[in-house]
Amino acid sequence: MKTSWLDGLRGFAAFLVYWHHHTLWAHEGSELILESGFGFNNQHYFASFHFIRNFFTGGHFAVAIFFVISGYVLSAKPLTLIYAGEWTKLNDNLASAVFRRWLRLYIPIICTTFVFVTLHHTFGFWTLSVKRESNYRDGVWMWYAELKNFTFLFNAGGEPWFTYNPHLWTIPHELKGSIIVYTTVLALSRCSKPARLWCQTGLIFYFLYIVDGWPCALFAMGQLLSELDLLAEKKELPRFFYSLEAYKDLIFYNLFFVGMYLGGVPSHNNEIKDLRASPGWYALSFLRPQAVFNYKAFYLFWAAAFVVPAVPRIHWLKSFFETRFCQYLGRISFALYLVHGPVLWVLGDRLYVAVGWVREAHKEGIPGWVDRMPLPKWGPFGLEVAFLLPHLVLLPFTLWMAECVAKLFDDPAVRFGRWLYRRTLAPVVR
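Heads up: these notes are all about the structure in this document. (Residues numbered from 1 in each chain as written. Predicted model: local features only at pLDDT ≥ 70, side-chain atom pairs only at ≥ 80, totals over all residues. Heavy atoms only, no water.)

1. Some thoughts on the pattern of salt bridges
Overall, the coordinates contain ten salt bridges when judged by the stated rule. With a closest N to O distance of 3.1 Å, R101 and E174 form a salt bridge. Taken together, the residues span a long stretch of sequence, with R101 in helix 4 (residues 87-123) and E174 in helix 6 (residues 170-187) at a distance of 73 residues. Here R101 matches E174 in class, with each residue buried. A salt bridge links D229 to R313; its shortest N-O distance comes to 2.4 Å. Here D229 is found in helix 8 (residues 214-234), whereas its partner R313 is found in the loop between helix 13 (295-310) and helix 14 (315-321), with 84 residues between them in sequence. Judged by relative accessible area, which is 22%, R313 ranks as partly exposed. (Salt bridge = Lys/Arg side-chain N within 4 Å of Asp/Glu carboxyl O. Helix = DSSP H or I, 4+ residues; strand = E, 2+ residues; numbered from the N terminus. Buried < 20%, exposed > 50% of the residue type's maximum accessible area, 1.4 Å probe, protein only.)

2. What about empty space enclosed by the protein?
In this structure the tally under the stated criterion is four cavities of 30 Å³ or more. Roughly 60 Å³ of internal volume is contained in the largest cavity. Residue lining of the largest cavity: S36, G37, F40, P266, H268, N269, D274, L275, S278 and Y295, and that is the complete set. Considered class by class, the residues forming the lining of the largest cavity number four nonpolar, five polar and one charged. Each pocket or cavity is described by its volume, and for the second largest cavity that value is around 50 Å³. Forming the boundary of the second largest cavity are R53, N54, T57, H60, G263, G264, V265 and S267. By residue class, the composition of the lining of the second largest cavity is one nonpolar, six polar and one charged. (1 Å grid on protein atoms, 1.4 Å probe; cavity = no way out; pocket = protein on both sides within 12 Å on 5 of 7 lines; lining within 4 Å. Points joined across faces, edges and corners; volume = space filled by probe spheres on them. Nonpolar A, V, L, I, M, F, W, Y, C, P; charged D, E, K, R; others polar.)

3. Section: unusual backbone geometry
Both trends apply: most residues other than glycine have a negative phi, and most peptide bonds are in trans. Positive phi is not limited to glycine here, since N41 has a value of about 55 degrees. Positionally, N41 belongs in the loop between helix 2 (31-35) and helix 3 (59-84). One non-glycine residue with positive phi stands out, namely D371, at about 50 degrees. Within the secondary structure, D371 sits in the loop between helix 17 (360-365) and helix 18 (385-388). Taking relative accessible area as the criterion, D371 reaches 39% and is therefore assigned partly exposed.

Given below as structure tokens:
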């Protein structure tokens, strides 16, 4: 199956994260409206309506999609080698993948956050999110002290946030999920097809219903979907699937519809009573398993598990994610994820303050920017003129920064990992 749609889906999901964070930042104090269910506390806003809410605060949904896509992509090549019986190549593939994974994820993070710390001290600009230490040496030390723990796979203490870019809390989960995928592929490589499918299904059940391992469940689901697609190409799916062939369109449209609904799960807090008080969620609230602490993770798992396999089987949807714009977003998606936060705190914050989105802290931190160019807040909540117009500057600048980071740090990190792996290989004995 052609998988360019996966790149487009990943890119569009990265854009949703960008929009989510900007929406919440500009509308500070309105999280209860934006992230609660439509009709909660008798508040009815267009931006919080079912399905539509995914385009305003769909960042949580996007993260779940990221994890499923990662599980799918990371397992695709090894699974192909398993079905081809290429055991030596499978070993080489997994060895290379595990060796390079940490480097691929963390080198761009190390570079971008170090540049941020350096610029922060060089120019002395004020930000609401990151405190500047008294001198550059202390700033670098604090950055290093956090970074070494943040990049440690088995770190189990402290906050999950990295002060110098809190949006990157997903990356440790990305590394853990990657290791789970590689380990599972290797452990099940010699199993029969039915045994492997059942073991993967059991692993998903374990991560979601027995322990609170929802990120791991998403990676495992991506791996399962990858194998099912591979079997579909080979026309070797379990017979049960072929009995549903006549209803394929109906099934996948329904999966997409249900997935989009679940993707808009209220996320303002972890209180299940508030979920039950949200119109349209009372009955669904009783499906949450005991193991899952943050209830939204359970619904986001199923949302991503339904939407990802539906996309390539709904023609107009697949075509959308294969457009040049979505493919471009897919190419710079990781870099966009890395830079959108710092751009928001430094440039975006000042533009929002200038047009009228002011907090008390701004009056002390950047008083010269307060209401410099006030704009009217006409329009629906979340689509005000004063919110949209700054993006004429912010979106192109953020995309340009992402392009720069992709070329300067992201792409070189990939090449460096491959080069370093080749340099460490033992000579082949013939």
